[in-house]
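One-letter residues, chain by chain:
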Amino acid sequence: MNRYEPREIEGKWQRLWADEGTWEVPNPGADGFDPEKPKAYVLEMLPYPSGEPHVGHLKCYSVGDAIAHFRRRNGFEVIHPMGYDSFGLPAENNAIKTGEPPRVATERSIDSFRRQFTEWGVSIDWNREIATHTPEYYRWTQWIFLQLFHRGLAYRTRAPVQWCPNDATVLANEQVVDGRCERCGTEVETRNLRQWFFRTTEYADQLLADFEKLDSWPEHVITMQKNWIGRSEGAEVVFRCEEAGLDFPVFTTRPDTLFGATFFVIAPEHPELEKLVAGTGAEEAVREYVNEVARATVQERGDEGRPKTGVPLGRTVANPVNGEEIPMFVADYVLMDYGTGAVMAVPGHDERDFAFARAFDLPVRRVIGPAADEGPGDEGPGGEGPGGEDSEGELPYTGDGPMVNSGRFDGLDNREAYDQIVAWLDREGRGEASVNYRLRDWLVSRQRYWGAPIPIIYCDRCGTVPVPEDQLPVELPEIGDYAPRGQSPLEAAPDWVNTSCPECGGEARRETDTMDTFVDSSWYFLRYLDPDNDQEAFSRESADHWMAVDQYIGGVEHAILHLLYARFFTKALADMGFLGVSEPFSNLFTQGMITRDGAKMTKSRGNTVSPAEYVARHGADAARTYVCFMGPPERGGDWTDEGVEGVHRFLSRLWRAADEIAGSGDTGSGPADSTALADGAGGDTRELLAKAHWAIEKATGDFNRGFQFNTVIAAVMELVNEIYRVKDGLLEDATGREALRFATTTAASLIQPFAPHLAAEVYERLTGDRVWEVPWPEADPAMLRSDTVKIVVQVNGKVRDRIEVAEGAAEEEILAAARSAANVTRHLEGSEVVKEILVPGKLVNLVARPA
RNA sequence: GCCCGGAUGGCGGAAUGGUAGACGCUGCGGCCUUAAAAGCCGCUGUCCCCAUCGGGGGCGUGCGGGUUCGAAUCCCGCUCCGGGCACCA
């Protein structure tokens, strides 16, 4: 008998697939393109090539490849490309340390990734491979930047931005977590710099509304994005400071509490602050406070539990609803980059305003009573009933109720008052309904070397001039020193920086910042569709055919950043007429993280798993199948060596069964016909065939039901166990051998999405056919039925016996058999049956009561 | 604090109103072998009872209640663990 040698088998099939270009698919208009064939775009998130792929990659591409194979065998033309997110900080930081150019290290990593993906046997159309650091790619990243610029969606402005002192660059809001740099964990600082932004806020509403257009995204990812966009409805209300001659609009979600405003707060960065305090005598104290706030880290300022601080300004503003003059303060709990940078403070109905009022001993006024229907039957502590002093209720009160202390609105339900007050403000020209978002514009400038240069030139005469499209790409120059010094390392390449103005031809300077690498990965799925096009980023025709991505697979850690940016790009490109779809990813699958010894794998813990090592030891098929078998793929799992070995053992059993059957002499060729075989067959032959059809049914169902790969694989394991149970007996005769051949080829066929090499080998040996070209099997309903069914008999809900009855037996017949089952009669002794429940094909429950 | 997940044998998990623990791992036993490895076969939630093969019963899906003939599954109230958000007016 031969041994299962995965490395030999895998190498053989990988060479064949590469030589034949098995996974390559043609674009519309190309040779072999079939317009009738439905397409499926299966895509895993673009990997960042660093060193070697880790188990997270193994899982992602194993899951994605299983889906790709399954779709192909269900009749789809599957586009399944691969590339590299090859700009980015790790390569650059390595360059700073070692002096080795980032390109060299990056391309070495890319080679390693490509080699391993090949060794894993992932079914990739390598003709479409891209890498974002190549001029052929970033030329079009720059081109898209220019399109956004022309449309007003890319702009440059001076703004307070978050600066990471360690990485020496600014960061997008999304890249700051708890006041720290998401990448390196350093506390970020606020700096006031001129930077490039993409106007993501322009699409805030559409980004929210279009969740409707998605077929299947995990609910929690949608929730996370909704929270991130943070839409709030409210009103903009103008408060006027007559002494300073200034108007201060505020945004509030609670215009119904307007009569409760007892003071007014503006942010320390508010542009009118200096003008406002001039001549009040508070200038010095305010300046000191503002400086103090500026020194604090973003994290310190963001701490919610911190006591409220602030400084009175010696000015008042008039409350538009009642003309009341209320004092103004500057305080850092008001943020400049949300709303208008100023708030009306209603301490009676807002926690934060309440805390500030306590600290500064300011009046607190109730303007909404507790809801009248606090619950009549509700036995609250000291429930005094409606006659009690309900205005003594706890403040701040953030619930609903009737209006009080609100002039002509008193007595109204506060929801109703909300609408009336907004309408009144509108009529008086003092305010209007308004919507605010938490989402900010996307800061894309980075003061780093290893990214796509921003294609802009600054000319003293002409101002900010976009690089003409025919001069793209603006190539990244070679430089000698990559160390960041608070400005882009590109400043150190004078030949490159100094250029001529495309408009007037005079002396001009290039923009030296590069783009955030999330820009590169916001459109790569479009470049795959037309990777060699040197006239366009992608042709409209190719995008119309292949988009949207039918199944996107990746880690949940990209739930906000990458997915939001890619959605923004898609919408902008669609609005500019380059695309016919406005959502890039119809279906999203987020795979769970693999841990080791219950902990996240990190180099410092020393608990990392090298996929290459396991592929070398047990084969790619075992490694791939194992990561899909660990548990439901959307959940995480703990890697164990025994687990991989178990899967290897299973594949090995399948291989040896096939080897034995193939070596047993006269077997048929081509696929075995199980229907013909089943005709008149009994005993083990019949049972084996039935098990094979059961496995087809189970595997197909679980595949379609949210990619439950663990149970798909378990079903095939059961089939293989059944093959072993009957194998020795059935090898005796031709019919038995044919049944075994059918069961074994079925097992190979069902395991093919996970273990494509082994499946190809087994299938070819037993049928002469290529399994990846064979349609996904279909279960024969006739084979799923059996002549008899086992029925569980319960007495009062407890299982007491099992009976076997003919399929389709009459109800009375089954109940009679149930009542007379040996162990049932014992439990019914001295009782009478008062109710009989029959679940067809499953169970009988006899409800008995003492007689 | 708010919003999402999750909790089932020694372990990963299966079962989404109808036999709890499929499948895999671990462990134990048997066969094969001079021996070992590999392989093959069997057992493996827990406690108890009768017994020779075997058979029977109690308990059991984080905790407490409820609905139902029947609940891991549905409802109400908790506990713990994981993730996300958090001075966003």
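Before reading further, recall that the structure is shown in the block above.
Reading the values: rules and limits
- Residues numbered from 1 in each chain as written.
- Chains lettered and ligands numbered in written order.
- Predicted model: local features only at pLDDT ≥ 70, side-chain atom pairs only at ≥ 80, totals over all residues.
- Heavy atoms only, no water.
- Helix = DSSP H or I, 4+ residues; strand = E, 2+ residues; numbered from the N terminus.
- Buried < 20%, exposed > 50% of the residue type's maximum accessible area, 1.4 Å probe, protein only.
- Contact = heavy atoms within 4.5 Å.
- Areas by Shrake-Rupley, 256 points an atom, 1.4 Å probe, with all protein chains shown as cover.
- Lys, Arg positive; Asp, Glu negative; His and termini not counted.
- Charge placed at Lys NZ, Arg CZ, Asp CG, Glu CD.
- Near = heavy atom within 4 Å.
- Polar contact = N/O pair within 3.5 Å; in protein donor to acceptor, adjacent residues only side chain to side chain.
- Nonpolar A, V, L, I, M, F, W, Y, C, P; charged D, E, K, R; others polar.
- Pairing = 2+ DSSP bridges.
- Salt bridge = Lys/Arg side-chain N within 4 Å of Asp/Glu carboxyl O.
- Axes fitted to C-alpha atoms, helices over the stretch in contact; angles between N-to-C directions.
- Left-handed = near helix turned anticlockwise from the far one by under 90°.
- Phe/Tyr/Trp six-rings, centres within 6.5 Å; stacked < 30°, edge-to-face > 60°.
- Lys NZ or Arg CZ within 6 Å of the ring centre and 35° of its normal.
- Core = buried A, V, L, I, M, F, W, Y, C linked by side-chain atoms within 4.5 Å.

**Q** What's the story with the overall build of chain A in this structure? I'm lost.
**A** The helix and strand tally for chain A stands at 28 helices and 32 strands. Along the longest, intermediate and shortest principal axes, the C-alpha atoms of chain A span 105 × 90 × 50 Å. Counting all 851 residues of chain A, 53% fall into the buried class. Counting only contacts in chain A whose residues sit at least 6 apart along the sequence, the fraction spanning at least 24 positions is 74%. Summing over all exposed atoms, chain A offers an accessible surface of approximately 37,300 Å²; the carbon and sulfur share of this is 46%. For chain A, the distance from the average site of its 87 positive side-chain charges to the average site of its 139 negative ones is 3 Å.

**Q** Is there a simple way to think about the protein's contact with RNA strand B in this case?
**A** Near RNA strand B there are 54 residues, and of these Thr 253, Lys 308, Tyr 338, Arg 352 and Arg 438 occur at the shortest range. Here RNA strand B approaches the protein such that, of its atoms within 4 Å, sugar and phosphate make up 68%. Residue Gln 708 places a side-chain N or O atom 3.4 Å away from a phosphate oxygen belonging to RNA strand B. Lys 798 has a polar side-chain atom sitting 3.5 Å from a phosphate oxygen of RNA strand B. Counting residues per element, the surface near RNA strand B draws most heavily on helix H23 (residues 709–730), at 7 residues. Among the residues making up the surface near RNA strand B, the classes are represented as 19 nonpolar, 14 polar and 21 charged.

**Q** So what exactly am I meant to see when it comes to helix H19 (residues 620–629) here?
**A** Working note: α-helix, 3.6 residues per turn, so residues spaced by three or four point in the same direction. Burial of H19 is extensive: 9 of the 10 residues sit out of reach of the surface. By the burial criterion, the buried members of H19 are Ala 620, Asp 621, Ala 622, Ala 623, Arg 624, Thr 625, Tyr 626, Val 627 and Cys 628.

**Q** Quick question: what am I supposed to make of the sheet that holds strand S26 (residues 594–596) here?
**A** The strand order S27-S26-S28 describes an open sheet built from 3 strands, whose pairing is mixed. Edge positions in the sheet fall to strand S27 (599–600) and strand S28 (637–638), since each of these pairs with one other strand and no more. Taken together, the 2 bridges between S26 and S27 define a ladder with antiparallel strand orientation. Within S27, the position partnered with Thr 595 by the bridge is Lys 600.

**Q** I keep staring at the pattern of salt bridges and nothing clicks. Help me out?
**A** Any two side chains of opposite charge can pair, so long as their charged atoms come close to each other. Following the criterion strictly, the structure yields 49 salt bridges and no others. Between Glu 77 and Lys 37 there is a salt bridge; the shortest N-O distance is 3.1 Å. Here Glu 77, found in strand S2 (residues 77–79), pairs with Lys 37, found in the loop between helix H1 (6–20) and strand S1 (39–44); they are 40 residues apart in sequence, far enough to count as distant. Classification of Glu 77 as buried rests on a relative accessible area of 16%. Glu 511 is paired through a salt bridge with Arg 156; the nearest N and O atoms lie 3.9 Å apart. Here Glu 511, found in the loop between strand S22 (507–510) and strand S23 (514–515), pairs with Arg 156, found in strand S5 (residues 154–164); they are 355 residues apart in sequence, far enough to count as distant. Looking at Arg 156, the relative accessible area reads 28%, which means it is partly exposed.

**Q** Would you mind going over the sheet that holds strand S31 (residues 831–839) with me for this structure?
**A** To summarise the sheet geometry, strands pair through backbone hydrogen bonds and adopt either a parallel or an antiparallel arrangement. Read across the open sheet, the 4 strands follow the order S30-S29-S32-S31; overall the sheet is mixed. Strands at the two margins of the open sheet, each flanked by one partner only, are strand S30 (798–806) and S31. Taking the axes of each pair of neighbouring strands and ignoring which way they run, one obtains an average angle of 25° across the sheet. Pairing between S31 and strand S32 (residues 843–850): 8 bridges, direction antiparallel.

**Q** What am I meant to see in the packing of helix H20 (residues 641–662) against helix H24 (residues 734–751) here?
**A** Between two packed helices, the angle of one axis relative to the other and the distance separating the axes together describe the packing. Their axes nearest at 10 Å, the elements H20 and H24 cross at an angle of 145°. In terms of crossing hand, the pair formed by H20 and H24 is left-handed. Where H20 approaches H24, its residues Phe 650, Leu 651, Leu 654, Ala 658 and Ile 661 are matched on the opposing element by Arg 737, Leu 740, Arg 741, Thr 744, Ala 747, Ala 748 and Ile 751. When its residues are assigned to classes, the contact of H20 with H24 shows 9 nonpolar, 1 polar and 2 charged.

**Q** What's the story with unusual backbone geometry in this structure? I'm lost.
**A** With the exception of glycine, most residues fall at negative phi, and the peptide bonds are largely trans. In this structure, Pro 473 follows Leu 472 across a cis peptide bond, with omega equal to 0°. Of note, Pro 473 is situated in the loop between strand S20 (463–466) and helix H13 (494–497). Going from Met 547 to Ala 548, the amide bond is cis rather than trans, its omega being 0°. On the secondary structure map, Ala 548 appears in the loop between helix H16 (540–546) and strand S24 (551–555). Phi is positive for Asp 361, close to 55°, though the residue is something other than glycine. Checked against the element boundaries, Asp 361 lands in the loop between helix H11 (351–360) and helix H12 (414–428). For Asn 796, which is not glycine, the phi torsion reads 50° and is therefore positive. Relative to the helices and strands, Asn 796 resides in the loop between strand S29 (788–795) and S30.

**Q** Could you clarify how one ought to interpret the packing of aromatic side chains in this entry?
**A** The description of two aromatic rings rests on the distance between their centres and on the angle between their planes. Enumeration according to the criterion identifies 52 aromatic pairs in this entry. Chaining the aromatic ring pairs together yields one cluster made of Phe 145, Phe 149, Trp 196, Phe 198, Tyr 203, Trp 442, Phe 518, Tyr 565, Phe 568 and Phe 569. Between Arg 408 and the ring centre of Trp 424, over which it is positioned, the NZ or CZ distance is 4.9 Å. The ring of Phe 211 is capped by Arg 567, whose NZ or CZ atom sits 4.3 Å from the centre of that ring.

**Q** Sorry, what's going on with the nonpolar core here?
**A** A general feature of soluble globular proteins is that nonpolar side chains tend to end up buried together. Counting 93 residues, the largest nonpolar core has Trp 639, Leu 651, Phe 709, Ile 751 and Phe 754 as the members making the most contacts within it. With 10 residues, H23 is the single largest residue contributor to this core. Beyond its immediate chain neighbours, meaning those up to four positions away, Trp 639 contacts Val 55, Leu 58, Ile 594, Thr 595, Arg 596, Met 601, Val 609, Tyr 614, Tyr 626, Val 627, Met 630 and Val 644. Formed by 92 residues, the second largest nonpolar core is a distinct cluster that contains Trp 140, Leu 439, Met 515 and Phe 518.

**Q** Whenever I open this one, the environment of Ala 95 confuses me. Can you help?
**A** In this fold, Ala 95 is placed in helix H3 (residues 89–98). On the accessibility criterion, Ala 95 (2% relative accessible area) is buried. Every residue in contact with Ala 95, bar those within four places of it in the chain, is listed here: Glu 100, Pro 102 and Tyr 482.

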